[in-house]
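So the chains spell out like this:
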Amino acid sequence: MYQYPVPPPPQDDSGATTSMVLGILGLVLCGLLSPIALFMGMSAKRRIRESGGYIGGEGNATAGIVMGAIGTAFIVLGLVFVVIVIIMAAAASQSGTG
């Protein structure tokens, strides 16, 4: 009885792995990498879906998307905080001189 050989597992999408690494670096070192990780993860996930099973790495892409989204949220919250502090400082300086 002849058995068909087992096909090799699909190769991981390099963009998915890059997205995960950038997501980690964005959270740990430089937050500006987080939006890049988010967009790379979304495009890698799209490529994986469209490949019909020939490309793997969906978990890495998901990790990159999640970490990229968290890092991007931290950037947005930080910018909102800076704007609030600037507005408060401007209001305090105007009320002190008037």
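Reading guide: rules and limits
- Residues numbered from 1 in each chain as written.
- Predicted model: local features only at pLDDT ≥ 70, side-chain atom pairs only at ≥ 80, totals over all residues.
- Heavy atoms only, no water.
- Helix = DSSP H or I, 4+ residues; strand = E, 2+ residues; numbered from the N terminus.
- Rg over C-alpha atoms; globule rule 2.2 N^0.38 Å.
- Contact = heavy atoms within 4.5 Å.
- Areas by Shrake-Rupley, 256 points an atom, 1.4 Å probe, with all protein chains shown as cover.
- pLDDT = per-residue confidence, 0-100.
- Patch = residues over 30% accessible without salt bridge, like charges linked within 9 Å, V, L, I, M, F, W, Y side chains within 5 Å.
- Salt bridge = Lys/Arg side-chain N within 4 Å of Asp/Glu carboxyl O.
- Buried < 20%, exposed > 50% of the residue type's maximum accessible area, 1.4 Å probe, protein only.

Student: What is the right way to read the overall build of the protein from this model?
Tutor: The secondary structure content of the protein amounts to three helices and two strands. In the protein, the succession of α and β elements from N to C terminus is β-α-α-β-α. Taking 98 residues into account, the globule formula puts the C-alpha radius of gyration at 13 Å, and the protein, at 22 Å, lies well above it. Its C-alpha atoms give the protein principal-axis dimensions of about 95 × 25 × 15 Å. Within the protein, contacts between residues at least 6 apart in sequence are counted, and of these 68% link residues at least 24 apart. Of the accessible surface of the protein, which amounts to about 6900 Å², a share of 73% is contributed by carbon and sulfur atoms.

Student: Help me out: how do you make sense of the confidence of the model for the protein in this one?
Tutor: In regions of low pLDDT, the predicted coordinates are not meant to be interpreted in detail. Averaged over every residue, the pLDDT of the protein is 91; residues scoring 70 or more account for 97%. Per-element confidence in the protein is highest for helix H2 (residues 34-50), whose mean pLDDT is 96, and lowest for strand S1 (residues 11-12), whose mean pLDDT is 90.

Student: Help me understand the environment of Met-42 in this model?
Tutor: With respect to the helices and strands, Met-42 occurs in helix H2. Between the C-alpha atoms of Met-42 and Ile-65, which are 23 residues apart in sequence, the distance is 6.5 Å.

Student: Help me understand a nonpolar patch on the surface, please; the structure alone is not making it clear to me.
Tutor: A contiguous nonpolar patch, built from Val-21, Ile-24, Leu-25, Leu-27, Val-28, Leu-29, Val-66, Ile-70, Phe-74 and Leu-77 and spanning about 920 Å² of accessible area, is present on the exposed surface. Of all elements in the fold, only helix H1 (14-28) and helix H3 (58-97) reach the threshold of two or more residues within the nonpolar patch. Ranked by residues supplied to the nonpolar patch, first place goes to H1 with five residues. Note that Val-21 resides in helix H1. Residue Val-21 is classed as partly exposed on the basis of its relative accessible area, which comes to 40%.

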